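So you can see what is in the structure, the chains are spelled out below.
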Amino acid sequence: MDRKIGELLEKRRLTDSVSEEAARKLREQGRLTVHERLGLLLDPDSFVPLGRYVQHRAVGFGMESKKAYGDGVVAGLGSVDGRRVAVYAQDFTFMGGSVGEMHASKIARIIELAVKLGIPVIGLNDSGGARIQEGVDSLKGYGEIFYRNVMASGVVPQVVAIMGPCAGGAVYSPALADFIIMTRKSYMFITGPKVVKASIGEEITPEELGGAGVHASRSGVAHFVAEDDREAITIIKRLLSYLPSNNTEDPPLVETGDDPLREDPSLEDIVPDDPVKPYDVREVILRVFDEGSFLEVHQHFAQNAVVGFARLGGHAVCVVANQPAVMAGSLDIDSSDKISRFVQFCDAFNFPIVTFVDVPGFLPGSYQEHHGVIRHGAKIIYAYADATVPKITVILRKAYGGAYIAMGSKHLGADFALAWPTAEIAVMGPEGAIEIIYKKELEKAENPEEMAKVFVEKYRSEIANPYVPASRGYVDDVILPRETRPYLYRLLLFLLDKREKQPRPPRKHGVPPV
Ligand code: HXC
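Just so you know, these numbers come straight off a predicted model, no measurement behind them. (Residues numbered from 1 in each chain as written. Predicted model: local features only at pLDDT ≥ 70, side-chain atom pairs only at ≥ 80, totals over all residues. Heavy atoms only, no water.)

## So, the pairing of strand β4 (residues 121–127)
Within β4, 7 of the 7 residues are buried, leaving the element largely enclosed by the surrounding structure. For strand β3 (residues 83–90) and β4, the ladder comprises 4 bridges, and the chain directions are parallel. Residue pairing in the sheet places Ala-89 in a bridge with Leu-124 of β4. Relative to strand β5 (residues 158–167), β4 runs parallel, the two being bridged by 6 bridges. Looking at the pairing, Asn-125 lines up with Ile-162 of β5. Handedness of the β-α-β unit built from β4, helix α5 (residues 135–152) and β5 comes out right-handed. (Buried < 20%, exposed > 50% of the residue type's maximum accessible area, 1.4 Å probe, protein only. Helix = DSSP H or I, 4+ residues; strand = E, 2+ residues; numbered from the N terminus. Pairing = 2+ DSSP bridges. Right-handed = clockwise from strand over helix to strand, strands pointing away.)

## Brief notes about the UniProt feature "domain: CoA carboxyltransferase C-terminal" (unreviewed entry) in the protein chain
Feature annotation in UniProt places "domain: CoA carboxyltransferase C-terminal" (unreviewed entry) on residues 259–498, given in this structure's numbering. From the first C-alpha to the last, residues 259–498 spans 24 Å; its make-up is 40% helix and 19% strand. (UniProt positions renumbered as here; feature names shortened; annotations may be inferred.)

## Side note on the state of the cysteines
Within this structure, the stated rule accounts for 1 disulfide. A disulfide bridge connects Cys-318 with Cys-346, and the sulfur atoms are separated by 2.0 Å. With the S-S dihedral at roughly -90 degrees, the linkage between Cys-318 and Cys-346 falls on the left-handed side. With a gap of 28 residues between them, Cys-318 in strand β11 (residues 315–322) and Cys-346 in helix α12 (residues 333–348) connect regions that are remote in the sequence. Grouping residues by exposure puts Cys-318 and Cys-346 together as buried. (Disulfide = S-S within 2.5 Å.)

## Some words on empty space enclosed by the protein
The tally for this structure, following the rule as stated, stands at 5 cavities of 30 Å³ or more. Size it by volume and the largest cavity reaches roughly 70 Å³. Lining the largest cavity are Asp-178, Phe-179, His-223, Val-297, His-298, Val-307, Lys-338, Arg-341, Phe-342 and Phe-345. If one sorts the elements of the lining of the largest cavity by residue count, α12 sits on top with 4 residues. Looking at the lining of the largest cavity, its residues break down into 5 nonpolar, 2 polar and 3 charged. A volume near 60 Å³ is recorded for the second largest cavity. Around the second largest cavity sit Tyr-88, Gln-90, Val-99, Ile-107, Asn-125, Tyr-142, Ile-145, Ala-170 and Ser-173, which together line it. Where the lining of the second largest cavity is concerned, the elements lending two or more residues are β3 and α5. When the residues that make up the lining of the second largest cavity are grouped by side-chain class, the tally is 6 nonpolar, 3 polar and no charged. (1 Å grid on protein atoms, 1.4 Å probe; cavity = no way out; pocket = protein on both sides within 12 Å on 5 of 7 lines; lining within 4 Å. Points joined across faces, edges and corners; volume = space filled by probe spheres on them. Nonpolar A, V, L, I, M, F, W, Y, C, P; charged D, E, K, R; others polar.)

## Some points on the layout of surface pockets
If you add up the space inside the largest pocket, you get close to 1100 Å³. Lining the largest pocket are 35 residues; nearest its centre among them are Ala-175, Ala-177, Asp-337, Arg-341 and Gln-344. Those elements that provide at least two residues to the lining of the largest pocket are α6 (172–176), α9 (212–219), α12 and α14 (373–386). Broken down by element, the residue count for the lining of the largest pocket peaks at 9 residues, all from α12. Its residues assigned to classes, the lining of the largest pocket shows 17 nonpolar, 9 polar and 9 charged. Of the pockets and cavities examined, the second largest pocket occupies roughly 570 Å³. Contributing to the lining of the second largest pocket are 33 residues, with Thr-15, Asp-16, Ser-17, His-35 and Val-74 lying nearest its centre. Elements with a minimum of two residues in the lining of the second largest pocket: α1 (2–16), α3 (34–41), β1 (48–50) and β2 (73–80). Grouping the constituent residues of the lining of the second largest pocket by class yields 16 nonpolar, 9 polar and 8 charged.

## Comments concerning the pattern of salt bridges
Evaluated as defined, the whole model comprises 35 salt bridges. Between Arg-24 and Glu-21 there is a salt bridge, with the nearest N and O atoms lying 2.9 Å from each other. Remark: Glu-21 and Arg-24 occur in helix α2 (residues 20–28); sequence separation between them is 3 residues, near one turn of the helix. Each of Asp-258, Arg-262, Asp-264, Asp-290 and Arg-485 takes part in a single network of salt bridges with overlapping partners. (Salt bridge = Lys/Arg side-chain N within 4 Å of Asp/Glu carboxyl O.)

## Focus: the UniProt feature "domain: CoA carboxyltransferase N-terminal" (unreviewed entry) in the protein chain
The sites that UniProt annotates as "domain: CoA carboxyltransferase N-terminal" (unreviewed entry) are residues 1–255. Secondary structure across residues 1–255 divides into 42% helix and 18% strand, with the first and last C-alpha atoms of the span separated by 52 Å.

## Let's talk about the nonpolar core
In this structure, Phe-309, Ile-339 and Phe-351 are the most contacted members of the largest nonpolar core, which totals 61 residues. Take this core: its biggest share by element is 7 residues, from helix α10 (residues 229–242). Excluding anything up to four places from it in sequence, Ile-339 contacts Ala-305, Val-307, Val-320, Leu-331, Ile-380, Tyr-384 and Met-407. Core analysis: the second largest hydrophobic core is formed by 32 residues, Ala-75, Ile-110, Ile-111 and Ala-212 among them. (Core = buried A, V, L, I, M, F, W, Y, C linked by side-chain atoms within 4.5 Å. Contact = heavy atoms within 4.5 Å.)

## A short note on the site of the ligand
In the vicinity of the ligand, 19 residues are found, and the nearest of them are Gly-96, Gly-128, Ala-130, Ile-132 and Gly-169. Ala-130 is positioned such that a nitrogen or oxygen atom in its backbone is 2.8 Å from a nitrogen atom of the ligand. Within the residue set of the shell around the ligand, elements represented by two or more residues are α5 and β5. (Near = heavy atom within 4 Å. Polar contact = N/O pair within 3.5 Å; in protein donor to acceptor, adjacent residues only side chain to side chain.)

## Examining the packing of aromatic side chains
With the rule as written, the count across this model stands at 15 aromatic pairs. Taking the centre distance of 5.1 Å and the plane angle of 20 degrees together, the rings of Tyr-187 and Phe-189 count as stacked. Judged by relative accessible area, Tyr-187 falls into the partly exposed class, the value being 23%. By relative accessible area, which is 9% here, Phe-189 ends up buried. On the basis of an interplanar angle of 10 degrees and a centroid distance of 3.7 Å, the ring pair of Tyr-438 and Phe-455 is categorised as stacked. Note that Tyr-438 is positioned in the loop between α16 (430–437) and α17 (439–444) and Phe-455 in helix α18 (residues 448–462), a separation of 17 residues in sequence. Each of the two residues, Tyr-438 as well as Phe-455, counts as buried. Grouped by ring-pair contacts, the aromatic residues Phe-179, Phe-224, Tyr-242, Phe-309, Phe-342, Phe-345, Phe-349 and Phe-351 constitute a single cluster. Seen from the ring of Phe-92, Arg-31 lies directly overhead, with NZ or CZ sitting 4.6 Å from the centre. The residue whose ring lies beneath Arg-311 is Tyr-242, and the NZ or CZ to ring-centre distance is 4.4 Å. (Phe/Tyr/Trp six-rings, centres within 6.5 Å; stacked < 30°, edge-to-face > 60°. Lys NZ or Arg CZ within 6 Å of the ring centre and 35° of its normal.)

Here is the structure:
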């Protein structure tokens, strides 16, 4: 027995650590070992491994002598701040974290288990992609992971941190997850700089091609950027604190100590008197929701829209807003993708959605049209109309044209639409409108500028204000900015028990614009 126990303990030791030399190399690059990462993520002594002694069974290319327990990935169950999760973490020190058949089967199994248990999946990715020596078995492994990602979508939250390279097929499992956190030491691309150079002659560094900066700000692939592994894990924990464990649960209620009925008079100083002056909509969000509770998602991408999680009286909600400080808050291709995807996530996981509107319209021009702003903008309409969770919309200032309809209007099923007294709701802004409807009068006028001012005033007072839509019931109430927080809180308490009145016609699934 002693010998057998000794043998087991030795094997266990091998699964619980990497060589000192390999750990040193990672440390020099500012990366942690797989065990250090899991140690930071999981509650002490909570980890239960899966497939601990799994090894690949590949032959040829020297694979017989390249074996390690676990096959380059640690997977299992554990808890994060007391919440149960399924987790996998790739070990770069074994064959560059490359994904072979057995490595893949562990990841696929942990996702499958997460769905059965109704718990979130967390991936800590650090991998050179498909294990070249395993050929098509490796591709099969990836396919099986992707299949599980899709089956888990909308059932349990899937969060992936990219903590090293993530090349080739490795990018698609994270892309199928709900949230991607990239560290500054990581990169993601379908083909690396060498292949790029060989195939199209473009010279580019890994960072320029697929670093965290570029994916967080330009491609929108990354939702969060972390300086290093530690910060990435802190972000995962914060994100998890908002998320329900699965789609049958409500998001966790957390005591924040901030009085939900507190009014905030300073909200009345944010929207400038001049309707074309910008302001930062985050100033509104930070004042309306529980102090310190706003977690912005996609902070650096499509900054003309702001999305994120917040709490109101401790209840987690999703916040969507136009951002007048960037491109006057107009909607374009990227912000449409950002908003629609977030609304879909929030609907899948039972988050009430609070939308703040200040939008002059969709961004005009050939770039937007030729790159499909019609197709992308339609995603926002689809996502809001499709969402059955509580939806409350607050129109702060401009709400024009198609963008008014798209941004969670009552016509797309908002449960309540509110407006601040500064709201301007119409087919288009006053300047554009009077040029069309008073074209002849302005052409004939001796002083067209003076006349235009009069028409703009008339347009504002008769059309572009909150009381015309309120008279039709399209806006339920015009509220004081200071009372936004208590007003939303009272509404939220009613809407938390919302059930869709009308069952929707049976269908396999809709066909949303993509
Ligand atoms: C097998 C791999 C590997 C891979 C790395 N290694 N990637 N082994 N398959 N895909 C091994 C290396 O041989 C090396 O082994 C060890 O991991 C560390 O790699 P290094 O190159 O020494 O490390 P580094 O200099 O840090 O560079 C890391 C890297 C580079 C940038 C990830 O290794 C690389 O470019 N790898 C290939 C990336 C790639 O093109 N992947 C796409 C595969 S195709 P030793 O024994 O020397 O320690 C793909 C398509 C799948 O994924 C599609 C599915 C849908």
